[in-house]
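Read off the chains here:
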Amino acid sequence: MIRHKKSVRRSATMLGAWKQRTYKLNRRFFPDNVTVMAVVELPIDDADAALYTVGQVAAMLDVPMAFLRRLDEQRVVVPNRSAGGQRRYSRREIHRIAEVIELTGEGLTLAGVRRVLDLQARVKELEEDKVRRDQDSSVTGSEG
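Residues numbered from 1 in each chain as written. Predicted model: local features only at pLDDT ≥ 70, side-chain atom pairs only at ≥ 80, totals over all residues. Heavy atoms only, no water.

**Q** If you had to explain the overall build of the chain to someone new, which residues and values would you point to?
**A** In terms of regular secondary structure, the chain is built from 4 helices and 5 strands. Along its sequence from the N terminus, the chain presents helices and strands in the succession β-β-β-α-α-β-β-α-α. In the chain, which comprises 144 residues, the proportion classed as buried is 19%. (Helix = DSSP H or I, 4+ residues; strand = E, 2+ residues; numbered from the N terminus. Buried < 20%, exposed > 50% of the residue type's maximum accessible area, 1.4 Å probe, protein only.)

In structure tokens:
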């Protein structure tokens, strides 16, 4: 029979959240307490979890909220929407906005930035496809 103490310590960090529980096991088999550490998946651990509001992102990146709305209107960075219709940004989208800010600082228009980002995504997709084909050909080459 497993009984556990009521003391549970939780701490959330940028890298993850940990729960520590001390289990008291049957003393006949396990004379000492056993400590178990387990990873707890939280939405903050997911780079694609839409957690940040327009105001929070604007404050983080030091840009006006109107700039973020314009990025959405022009389909450069399209955030998810909450049940109430508010924009919610993920960490991945925030990094993309930072890249947009850098490109617009170099003189590109939002249409140009969208094209650059689309081309970068296409290049990444082609590189991943090439790696997959190379792996497949090395596997089939070693079998023959």
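**Q** Give me the lowdown on helix α2 (residues 65-73), citing residues and values where you can.
**A** Considered for burial, the residues of α2 that qualify are F67, L68, L71 and D72. End-on, the buried residues of α2 take up no more than an arc of 145 degrees, which puts them together on one face. One or two steps after α2, the chain reaches R75, where phi turns positive at roughly 60 degrees. (Arc of directions from axis to C-beta.)

**Q** Any chance you could break down the nonpolar core for me, citing the residues and the numbers?
**A** In terms of nonpolar packing, the biggest core is built from 17 residues, with L68, L71, V76, Y89, I97 and V100 touching the most fellow members. Counting residues per element, the ones that place at least two in this core are α1 (54-61), α2, α3 (91-105) and α4 (110-143). Looking at this core, the element that brings in the most residues is α3, giving 4 residues. Apart from residues no more than four positions distant in its own chain, V76 is found in contact with L71, R96, V100, L110, V113, R114 and L117. (Core = buried A, V, L, I, M, F, W, Y, C linked by side-chain atoms within 4.5 Å. Contact = heavy atoms within 4.5 Å.)

**Q** I'd like a description of α1, backed by residues and values.
**A** Within α1, the full set of buried residues consists of V54, V57 and A58. With its buried residues spanning 100 degrees around the axis, α1 presents them on a single face. Those residues of α1 hidden inside the fold are in contact with α2, β5 (87-88) and α3. Downstream of α1 by one or two residues, D62 has phi in the positive range, about 55 degrees.

**Q** Describe the environment of S82, listing the residues and the values that go with them.
**A** Note that S82 resides in the loop between β4 (80-81) and β5. Put simply, S82 and L51 are 31 residues apart on the chain and 9.4 Å apart in space, counted from C-alpha to C-alpha.

**Q** Could you give an account of the side chain of R87, naming the residues involved and the relevant values?
**A** Of note, R87 is situated in strand β5. In terms of polar contacts, R87 uses its side chain to reach the side chain of D72, at 2.8 Å. (Polar contact = N/O pair within 3.5 Å; in protein donor to acceptor, adjacent residues only side chain to side chain.)

**Q** Outline the pattern of salt bridges, supporting the account with residue identities and numerical values.
**A** Taken as a whole and assessed by the stated rule, the structure comprises 6 salt bridges. Put simply, R132 and D129 hold a salt bridge, and the shortest N to O gap is 3.6 Å. Pair noted here: R132 and D129 are both in helix α4, with a separation of 3 residues, about one helical turn. Residue classification places R132 among the partly exposed residues on the basis of a relative accessible area of 45%. A salt bridge links D129 to R133; the nearest nitrogen and oxygen atoms lie 3.5 Å apart. On the criterion of helical spacing, the pair formed by D129 and R133 is a turn pair, its members being 4 residues apart in helix α4. On the basis of relative accessible area, D129 is assigned to the partly exposed category, the value being 29%. One salt-bridge network, in which partners are shared between bridges, spans D72, R81 and R87. (Salt bridge = Lys/Arg side-chain N within 4 Å of Asp/Glu carboxyl O.)

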